[in-house]
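So you can see what is in the structure, the chains are spelled out below.
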Amino acid sequence: MSGEHVNDSDATPDAGTPRGGAGWKRFAPILAIAAGIALFFALGLQRYVSFETLARHNAALAAFVTDHAVLASAAYILAYAAVTAFSVPGGALLTIAGGFLFGIAWASLLVVVGATAGATAVFLAARTALGDSLRRRAGPWMARMEGGFRRDAANYLLVLRLVPIVPFWLVNLVPAFFGVPLRTFLWTTIVGIVPGTIVYAAVGNGLGETLAMGERPDLGIIFEPAILLPLIGLAVLALLPVAYRRLRTPRA
């Protein structure tokens, strides 16, 4: 027997235990998002994301867009991505403002780029920090739900994006918990938010007349039957393949 002493510090660490502060690094994105939300409200920035602010500065904003179109477009994308990533209120108002400043087509493109970038940041942060941990702790029921969700992830996500009943920020988190591939999350987000984006951008496109009459734009227009029913129709079409597969697959 060797008399050589083995130092505990030289022992191989458990593979499942993070070395040093590595465990906390996984949660850094989520902590950054939480800090951003807290800072937003602590500084009272929600007061500036309002129709009153838009009405007060609409002429100056329109002039800036006319003089600096590229810079204004980039700033708008960044602002929209930040609002989406930090899950703070103001997305609908920003879309209306975009329709007023850039027109329906260009504003819709900018919104889709900004919203998708912000949503993807939340999705990746949640998947990195919480996805694996939740699946380990939840047990078999989570695995069964994950399997069902992943089989039809594209259809479910399209429905959740098309019909604005579930909060946008929640739809960014759920796919991360269920291990949905990034590419599926990306294309369903892009396709799913286009109809609602066009509706709000169109409202913004007529904002000049609305302001001239001293009125406010209707943020609840998306729930008008003439708009909501076609969106529900698209959602039903997205669910038809799921229903068909369920009917064809015998119960276990």
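To be clear, the structure that these remarks concern was listed above.
Attention in this report is confined to the structure presented alongside it.

Calculation notes
- Residues numbered from 1 in each chain as written.
- Predicted model: local features only at pLDDT ≥ 70, side-chain atom pairs only at ≥ 80, totals over all residues.
- Heavy atoms only, no water.
- Helix = DSSP H or I, 4+ residues; strand = E, 2+ residues; numbered from the N terminus.
- Buried < 20%, exposed > 50% of the residue type's maximum accessible area, 1.4 Å probe, protein only.
- Contact = heavy atoms within 4.5 Å.
- Areas by Shrake-Rupley, 256 points an atom, 1.4 Å probe, with all protein chains shown as cover.
- Phe/Tyr/Trp six-rings, centres within 6.5 Å; stacked < 30°, edge-to-face > 60°.
- Patch = residues over 30% accessible without salt bridge, like charges linked within 9 Å, V, L, I, M, F, W, Y side chains within 5 Å.
- Salt bridge = Lys/Arg side-chain N within 4 Å of Asp/Glu carboxyl O.

### Looking at the overall build of the protein chain
Then step 1. From N to C terminus, the protein chain includes 12 helices and 0 strands.
Then step 2. Along the protein chain, helices and strands appear, N-terminal first, in the series α-α-α-α-α-α-α-α-α-α-α-α.
Then step 3. With 252 residues in all, the protein chain has 38% of them scored as buried.
Then step 4. Restricting to contacts in the protein chain with at least 6 residues of sequence separation, those with at least 24 account for 78%.
Then step 5. Carbon and sulfur atoms make up 68% of the accessible area of the protein chain, which amounts to about 14800 Å² in all.

### Structural notes on the packing of aromatic side chains
Then step 1. Evaluated as defined, the whole model comprises 3 aromatic pairs.
Then step 2. An aromatic cluster of at least three residues, connected via ring pairs, comprises Tyr76, Tyr80 and Phe102.

### Some thoughts on the environment of proline 195
Then step 1. Inspection of the secondary structure puts proline 195 in helix α10 (residues 182-205).
Then step 2. A residue is classified by how much of its surface remains accessible, and proline 195, at 22% relative accessible area, is partly exposed.
Then step 3. Proline 195 sits 27 residues away from isoleucine 222 along the chain, and the two C-alpha atoms are 9.8 Å apart.
Then step 4. Setting aside chain neighbours within four positions, we find proline 195 in contact with Leu162 and Leu231.

### Some points on a nonpolar patch on the surface
Then step 1. A contiguous nonpolar surface patch, about 540 Å² in accessible area, is contributed by Leu229, Ile232, Leu234, Val236, Leu237 and Leu240.
Then step 2. For leucine 229, the position within the fold is in helix α12 (residues 225-248).
Then step 3. The exposed category is assigned to leucine 229, whose relative accessible area is 56%.

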